[in-house]
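Here's the letter readout for the chains.
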Amino acid sequence: MKKHRKFILATIIVLCLIAYAFYRTDDHTRHVSSQPSKDYPQIAAEGIVRAVTEYNYTSYYVDGDTMAGFHYELMQAFAQSHGLKSKISAEMTFDKQLEGLASGKYDLIAHGILATSELKDSLLLTIPIVLNRQVLVQRKDTTGNDSLLIKSQLGLAGKTVHVVKDSPSILRIHNLSNEIGDTIYIKEIERYGAEQLIALVAHGDIDYAVCDESVASSMADSLPQIDISTAIGFTQFHAWAVSKQSPVLLDSLNCWLEKYKQSREYKKLCRKYGLQPS
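Given the structure is predicted, the values throughout are model-derived calculations rather than measurements.

K.L.:
Explain the overall build of the chain residue by residue, including any values.
P.N.:
If you tally the helices and strands in the chain, you get 10 helices and 14 strands. Put simply, of all contacts in the chain between residues at least 6 apart along the chain, 75% involve residues at least 24 apart. For the chain, the exposed area adds up to about 15,200 Å²; of that, 54% sits on carbon and sulfur atoms.

If you want it as structure tokens, here you go:
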């Protein structure tokens, strides 16, 4: 009987310790996730600005032992002009970029974000950095009678297009669906970025994808079988984004961008990556 009571007591103690450990872990998780986003004074004091971007030719990529990309080089220029080191991370899912920004893991999102009114409700967007638009990526008609080839936006009725998960282009596709009066089915892909989706189209794994024209154009020479002539929307402003808790950082970025966009370096950078200056 005594042994039984001791066993019960030991079990209760172990369960209490486990419960306490879970409580501490959960409490620590809440504490980490609730850390506020840093503003420019805290960033300057630390000496490091942390940005998240996409992994593609336009934003950020690794070529041998060299890192490059329009937004990567632009971020480097901003950091150097302010005496900061830059730490740049690649994350393809926009939702995870937003989570990292909200938790303080990142200080800004540094790639071409479509400046929509919906995003302006939850983020602070910089002044326009470049102009871009969304295009349909499909295979060229090699037979002269290819029923899959879409020649206008109306041809998207009833079709399925693939996009990167949480892509801002989803909103444009929904609006286009309303404009043409028919359903356009959207399949969000979490594992791949825009460049991988373009390659899937080129090799016949999927029929249609939607992405930024700048990314599609950068791949058109190496994948001559793709057609990117059908625009999904108008040319629009693209910007960077910071948290609503970082107004001083936004002001610092905007002041620098206003000046940098007048420079030869900015125009040269745009030409290098085939982007249209804003």
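On we go.
K.L.:
How would you explain the pairing of strand β8 (residues 134-139) if you had to name every residue and give the values?
P.N.:
The buried fraction of β8 amounts to five of the six residues, a majority that puts the element mostly inside the structure. Examined bridge by bridge, β8 and strand β11 (residues 209-212) share four bridges and lie antiparallel to one another. Opposite L136, over in β11, you have V210 as the bridge partner. Across four bridges, β8 lies against strand β12 (residues 226-231) in antiparallel orientation. Within β12, the position partnered with L136 by the bridge is T230.

K.L.:
If you had to explain the side chain of D212 to someone new, which residues and values would you point to?
P.N.:
Topologically, D212 is positioned in strand β11. Despite its burial, D212 pairs with no opposite charge, the nearest such side chain being R133 at 9.8 Å. Other than its neighbours up to four places away in sequence, D212 contacts G112, N132, R133, Q134, V135 and H238.

K.L.:
Quick one: what's the story with a nonpolar patch on the surface, residue by residue and with numbers?
P.N.:
Taken together, Y55, V62 and M67 make up a surface patch of nonpolar side chains, about 250 Å² in accessible area. Mapped onto the elements, V62 comes out in strand β2 (residues 61-63). Judged by its relative accessible area of 40%, V62 falls in the partly exposed class.

K.L.:
Can you lay out the confidence of the model for the chain for me, pointing to particular residues and giving the numbers?
P.N.:
Per-residue pLDDT for the chain has a mean of 86; in total, 87% of the residues score no lower than 70. Per-element confidence in the chain ranges from a low mean pLDDT of 41 for helix α1 (residues 2-33) to a high of 98 for helix α9 (residues 247-260). Taken together, the stretch residues 1-34 has pLDDT below 50 and engages in three contacts with residues farther than four places along the chain or on a different chain.

K.L.:
Quick one: what's the story with the nonpolar core, residue by residue and with numbers?
P.N.:
The biggest cluster of nonpolar side chains holds 35 residues, and the ones touching the most others in it are F70, L74, M75, L108 and W240. Contributing elements (two or more residues each) for this core: α2 (40-46), β1 (48-53), α3 (70-81), β5 (108-114), β13 (236-242), α9 and α10 (264-272). Residue contributions to this core peak at seven residues, all from α3. One finds A202, I206, L223 and I228 within the second-largest nonpolar core, a separate group that totals 18 residues.

K.L.:
Tell me about unusual backbone geometry, and please be specific about residues and values.
P.N.:
With a phi close to 65°, D166 is a non-glycine residue in the positive phi region. In this structure, D166 sits in the loop between β9 (160-164) and α6 (169-180).

K.L.:
Give a description of the packing of aromatic side chains that names residues and reports values.
P.N.:
With the rule as written, the count across this model stands at eight aromatic pairs. Summarising the aromatic geometry, the rings of Y60 and Y72 are spaced 5.5 Å apart at their centres and angled 40° between planes, so their arrangement reads as tilted. With Y60 in the loop between β1 and β2 and Y72 in helix α3, this residue pair connects regions lying 12 residues apart in the sequence. Aromatic side chains F70 and Y273 sit 6.4 Å apart centroid to centroid with 75° between the ring planes, which places their arrangement in the edge-to-face category. Within this pair, whereas F70 is found in helix α3, its partner Y273 is found in the loop between α10 and β14 (276-277), the two being separated by 203 residues in sequence. The structure contains a cluster of three or more aromatic residues connected by ring pairs, namely Y57, Y61, F70 and Y273.

K.L.:
Provide a residue-level description of the pattern of salt bridges, including the pertinent values.
P.N.:
With the rule as written, the count across this model stands at six salt bridges. R133 is the partner of E213 in a salt bridge, and the nearest nitrogen-oxygen pair spans 3.1 Å. Highlighted residues: E213 in helix α8 (residues 213-220) and R133 in the loop between β7 (130-132) and β8, separated in sequence by 80 residues. Overall, the relative accessible area of 23% leaves E213 in the partly exposed class. Residue classification places R133 among the partly exposed residues on the basis of a relative accessible area of 25%. A salt bridge links R172 to E179; the shortest N-O distance between them is 2.9 Å. Residue R172 is classed as buried on the basis of its relative accessible area of 14%.

About the criteria used
- Residues numbered from 1 in each chain as written.
- Predicted model: local features only at pLDDT ≥ 70, side-chain atom pairs only at ≥ 80, totals over all residues.
- Heavy atoms only, no water.
- Helix = DSSP H or I, 4+ residues; strand = E, 2+ residues; numbered from the N terminus.
- Contact = heavy atoms within 4.5 Å.
- Areas by Shrake-Rupley, 256 points an atom, 1.4 Å probe, with all protein chains shown as cover.
- Buried < 20%, exposed > 50% of the residue type's maximum accessible area, 1.4 Å probe, protein only.
- Pairing = 2+ DSSP bridges.
- Lys, Arg positive; Asp, Glu negative; His and termini not counted.
- Salt bridge = Lys/Arg side-chain N within 4 Å of Asp/Glu carboxyl O.
- Patch = residues over 30% accessible without salt bridge, like charges linked within 9 Å, V, L, I, M, F, W, Y side chains within 5 Å.
- pLDDT = per-residue confidence, 0-100.
- Core = buried A, V, L, I, M, F, W, Y, C linked by side-chain atoms within 4.5 Å.
- Phe/Tyr/Trp six-rings, centres within 6.5 Å; stacked < 30°, edge-to-face > 60°.

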